[in-house]
Amino acid sequence: MLELRDIFKTYDNQPLLRGISFSVAEGETVCLLGASGSGKSTLLRMIAGLENPESGRILFNGLDLAQTPTHLRDFGLVFQDYGLFPHLNIFDNVAFGLKMRNLPAAEIFLRVAALLEKVNLTGFEKRKVTDLSGGEQQRVALARALAPQPRLLMFDEPLGALDRTLKESLLQELRSILHETKIPAIYVTHDQDEAFAIADRILLLHEGEIVRAGTPAEVWSNPGSAWAARFLVAGNIIEGAVVASGQVKTEYGVFTLGCSHRHAAGEKVPLLVKQSGEVGEEIKFKVEDVLFKRDQFEVRGEGLVFQLKQAPAVGQVIKVKVEVECLR
Ligand code: ADP
Ligand code: MG
């Protein structure tokens, strides 16, 4: 399938991508998650053949794509701004890639009907692009990308312009379409909720490198660095000083470290403090603010934030069961 090997890219003497390597397996949806400006779109453009890496290789089924022009790569792309042809109706938008391939009209007709059904737009054939809502336009864009049966699909922040409820339902639809068609996909976003909802595997892009890769559950439970924990808002990040092997002192008390690092006494370490179920140590703080958040309460105090089932009173000193992890 798709494989990137040690991709480098520099713009205006600023390194943007510094040795990116990853692969996408058959039927897998890989999500590239990173802040705005981290180089996600650049990476997709290189895979699409719209831009060249400075060094490194991009292969598909073991074959180097360097000499393969964009239109021969058989990759589909879906962008945030849909990129539909405004002067064509829905049928002609979806049929575009099929007509380019000179398929017989009868077959195009059947394929477009099947695709519109897949994206829940049956009967929309004659409508104008400009008469559709954002969510509908994005469904047309997906049908158009699926039409030529690409070997790989790429999505560049495709739901960025849509509201939250629509986003959630489209994500579910997209996920089932991708699993059903088994087309490998790369989904790019800066929105972690989106990434966690769609990805089989997440790649965290930061300062030109993939700093963490794994399933959503793996990345969430073990972000691997203070930056990633902060970016994912995976818990509270506090600083501690190692006092004895396995013990760390913080402004909230002394905790036990579970890591296998050999920290020297006095060493400063960033710590991730996560709420835990029943087991774990306790952290104590004075409540400063309580916010209603759907089925729970966001409780803040002394620089800490927790989601609790019951609302404590402001001013009260409470204890929360936590796990403390070393982020070094
Ligand atoms: P993302 O999609 O993660 O937001 P991009 O890949 O669009 O990031 O861009 C990353 C950085 O690279 C940006 O700071 C942008 O200004 C720069 N960049 C992108 N394309 C070019 C280009 N053709 N020439 C110069 N700089 C570019
Ligand atoms: Mg981008």
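The structure under discussion appears in the preceding block.
Residues numbered from 1 in each chain as written. Chains lettered and ligands numbered in written order. Predicted model: local features only at pLDDT ≥ 70, side-chain atom pairs only at ≥ 80, totals over all residues. Heavy atoms only, no water.

Caption draft 1: Spotlight on empty space enclosed by the protein. Taken as a whole and judged by the stated rule, the model has one cavity of 30 Å³ or more. Roughly 110 Å³ of internal volume is contained in the largest cavity. What lines the largest cavity is simply Val78, Val119, Gln138, Arg139, Leu142, Phe155, Pro158, Leu159, Leu170, Glu173 and Leu174. When contributions to the lining of the largest cavity are tallied by element, the ones reaching two or more residues are helix H4 (134–146) and helix H5 (164–181). Tallied by class, the residues present in the lining of the largest cavity amount to eight nonpolar, one polar and two charged. (1 Å grid on protein atoms, 1.4 Å probe; cavity = no way out; pocket = protein on both sides within 12 Å on 5 of 7 lines; lining within 4 Å. Points joined across faces, edges and corners; volume = space filled by probe spheres on them. Helix = DSSP H or I, 4+ residues; strand = E, 2+ residues; numbered from the N terminus. Nonpolar A, V, L, I, M, F, W, Y, C, P; charged D, E, K, R; others polar.)

Caption draft 2: Structural context of the site of ligand 1. Looking at ligand 1, the residues that line it are Tyr11, Leu16, Ala35, Ser36, Gly37, Ser38, Gly39, Lys40, Ser41, Thr42 and Arg45. Gly37 is positioned such that a nitrogen or oxygen atom in its backbone is 2.7 Å from an oxygen atom of ligand 1. Within the complex, the protein chains bury 59% of what would otherwise be the 560 Å² of accessible surface of ligand 1. Examining the composition of the shell around ligand 1, we find that four residues originate from one element, helix H1 (residues 40–48), more than from any other. (Near = heavy atom within 4 Å. Polar contact = N/O pair within 3.5 Å; in protein donor to acceptor, adjacent residues only side chain to side chain. Areas by Shrake-Rupley, 256 points an atom, 1.4 Å probe, with all protein chains shown as cover.)

Caption draft 3: Structural detail: H5. In this model H5 runs 26 Å from its N-terminal to its C-terminal C-alpha over 18 residues, within 8% of the 26 Å that 1.5 Å per residue would give. Buried residues of H5: Lys167, Leu170, Leu171, Glu173, Leu174, Ile177 and Leu178, and no others. Lining the buried residues of H5 we find strand S3 (29–34), helix H3 (105–118), H4, strand S7 (152–156), strand S8 (185–189) and helix H6 (192–198). Downstream of H5 by one or two residues, Lys182 has phi in the positive range, about 60°. (Expected span 1.5 Å × (residues − 1). Buried < 20%, exposed > 50% of the residue type's maximum accessible area, 1.4 Å probe, protein only. Contact = heavy atoms within 4.5 Å.)

Caption draft 4: View of the packing of aromatic side chains. For the coordinates displayed, the defined rule picks out eight aromatic pairs. Summarising the aromatic geometry, the rings of Phe292 and Phe297 are spaced 5.9 Å apart at their centres and angled 65° between planes, so their arrangement reads as edge-to-face. Over the face of the ring belonging to Phe124 we find Arg127, whose NZ or CZ atom lies 4.0 Å from the ring centre. A cation over an aromatic ring shows up here: Arg144 above the ring of Phe85, its NZ or CZ 4.9 Å from the ring centre. (Phe/Tyr/Trp six-rings, centres within 6.5 Å; stacked < 30°, edge-to-face > 60°. Lys NZ or Arg CZ within 6 Å of the ring centre and 35° of its normal.)

Caption draft 5: Here's a closer look at the side chain of Arg139. You can see Arg139 is positioned in helix H4. If near-sequence neighbours (up to four positions away) are discounted, Arg139 is found in contact with Val119, Asn120, Leu121, Leu170 and Glu173.

Caption draft 6: Highlighting the pattern of salt bridges. With the rule as written, the count across this model stands at 21 salt bridges. Residues Glu3 and Arg5 are paired through a salt bridge, measuring 2.9 Å at the closest nitrogen-oxygen approach. For Glu3, a relative accessible area of 28% gives the class partly exposed. What makes Arg5 partly exposed here is its relative accessible area of 36%. A salt bridge links Glu298 to Arg300, with the shortest nitrogen-to-oxygen separation between them at 3.0 Å. We classify Glu298 as buried; its relative accessible area is 8%. The class of Arg300 is partly exposed, set by a relative accessible area of 35%. Beyond isolated ion pairs, a larger network of salt bridges with shared partners links Lys9, Arg45 and Glu51. (Salt bridge = Lys/Arg side-chain N within 4 Å of Asp/Glu carboxyl O.)

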